[in-house]
Amino acid sequence: GRRDKRHPFSFTKHISDVLEVLTASTGIQQVVLIADTNCDNKRMNTLIAEELKFPGQKVIGTSLQHTCCADSKYASRMTFDRIIANFGAAESGDMETQLPMEDPPAWTRQVHGG
C-alpha cells in the first residue's frame, strides 16, 4: 500500500495511535522507546519521537552507535538500536551512551542459514 508521508514507516502510525490512547486513558505522560527501528542515521531521535507523538516537548536519546547487525552485510547507515525518551536527567539531546564491550562475544553474532 501507499505510505502516509507523516508515517513513513509502517510501525509509526500504529504505535502513535496506541500511545495516544494509553497516555490519554492513564494520564501517564513519560514515554521510553527501546527499539531497533531500522531507521537510517539521517532520521534523528527527535523526528521519531514526533512521528510517534510523544507527549511534551522534551526528547532525549542515545547517540547513534553501531549496535545492531555489525557482523552482517546490513547497511551500516541503519545499524542503530535506539533508546528515546521524553523525560530524564538530560536537558535535551543525547543520553550518555556507553558501549560496554569493544568486541562482543561470539554468541552475539547473527547466524545466517543456520
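Residues numbered from 1 in each chain as written. Predicted model: local features only at pLDDT ≥ 70, side-chain atom pairs only at ≥ 80, totals over all residues. Heavy atoms only, no water.

Description of a nonpolar patch on the surface
The cut-off we apply is this: To count toward a patch, a residue needs a relative accessible area over 30% and no salt bridge; like charges are then connected within 9 Å, while nonpolar side chains (Val, Leu, Ile, Met, Phe, Trp, Tyr) are connected within 5 Å. What sets the accessible areas is the Shrake-Rupley method with a 1.4 Å probe; for residues, cover comes only from the shown protein chains. Salt bridge criterion: a side-chain nitrogen from Lys or Arg within 4 Å of a carboxyl oxygen from Asp or Glu. Helix and strand assignments follow DSSP, with helices taken as H or I runs no shorter than four residues and strands as E runs no shorter than two, numbered in order from the N terminus. Think of it in three bands: with a 1.4 Å probe and only protein chains considered, a residue is buried below 20% of the maximum accessible area for its type, exposed above 50%, and partly exposed in between.
Taken together, the side chains of Val32, Ile34, Ile83 and Phe87 present a nonpolar region at the surface, about 350 Å² in accessible area. Structurally, Ile83 is set in strand S3 (residues 81-85). The exposure class assigned to Ile83 is partly exposed, which follows from its relative accessible area of 30%.

Considering the pattern of salt bridges
Applying the stated rule across the entire model yields two salt bridges. With a shortest N-O distance of 2.9 Å, Lys13 and Asp17 are connected by a salt bridge. Of this pair, Lys13 and Asp17 are both found in helix H1 (residues 10-26), four residues apart, which corresponds to roughly one turn of the helix. Take Lys13: its relative accessible area is 36%, and that puts it in the partly exposed class. On the basis of relative accessibility, which here comes to 30%, the residue Asp17 falls in the partly exposed class.

Remarks on the sheet that holds strand S4 (residues 93-94)
Note the threshold: For two strands to count as paired, DSSP must find a minimum of two bridges between them.
Pairing within the open sheet is mixed, and its four strands lie in the order S1-S3-S2-S4. Two strands lie at the open edges of the sheet, namely strand S1 (32-36) and S4, each paired on one side alone. Across two bridges, strand S2 (residues 60-61) lies against S3 in antiparallel orientation. Counterpart to Gly61 in the pairing with S3 is Ile84.

Quick look at the nonpolar core
Counted only if it meets this: Here the nonpolar core consists of buried residues drawn from Ala, Val, Leu, Ile, Met, Phe, Trp, Tyr and Cys, with membership extended through side-chain atoms lying within 4.5 Å. Only heavy atoms matter for contacts: two residues are in contact if any of them lie within 4.5 Å across the pair.
Judged by nonpolar contacts, Leu19, Val31, Leu33, Cys39, Ile48, Ala49, Leu52, Phe54, Val59 and Ile84 together constitute the single largest core of ten residues. When sequence neighbours within four positions are dropped, the list of residues in contact with Leu33 reads Ile48, Leu52, Phe54, Arg82, Ile83 and Ile84.

Focus: the side chain of Asn45
Mapped onto the elements, Asn45 comes out in helix H2 (residues 45-51). On the basis of relative accessible area, Asn45 is assigned to the buried category, the value being 10%. Among all residues touching Asn45, those that are not within four sequence positions of it are Val59, Gly61, Thr62, Leu64, Arg82 and Ile84.

Here we look at the pairing of S3
Across five bridges, the pairing between S1 and S3 is antiparallel. Bridge assignment links Ile34 to a residue of S3, and that residue is Ile83.

Concerning unusual backbone geometry
As a rule of thumb, non-glycine residues mostly have phi less than zero, and peptide bonds are mostly trans rather than cis. With phi around 60°, Lys53 is a residue other than glycine that occupies positive phi space. Tracing the backbone shows Lys53 in the loop between H2 and S2. By relative accessible area, Lys53 is classed as partly exposed at 35%.

Brief notes about the confidence of the model for the chain
Keep this limit in mind: You can read pLDDT as the predictor saying how much it trusts each residue, on a scale of 0 to 100.
In this model, the chain carries an average pLDDT of 79, and 72% of its residues clear a pLDDT of 70 or more. Here S4 is the element of the chain with the lowest mean pLDDT, 76, and S2 is the one with the highest, 93.

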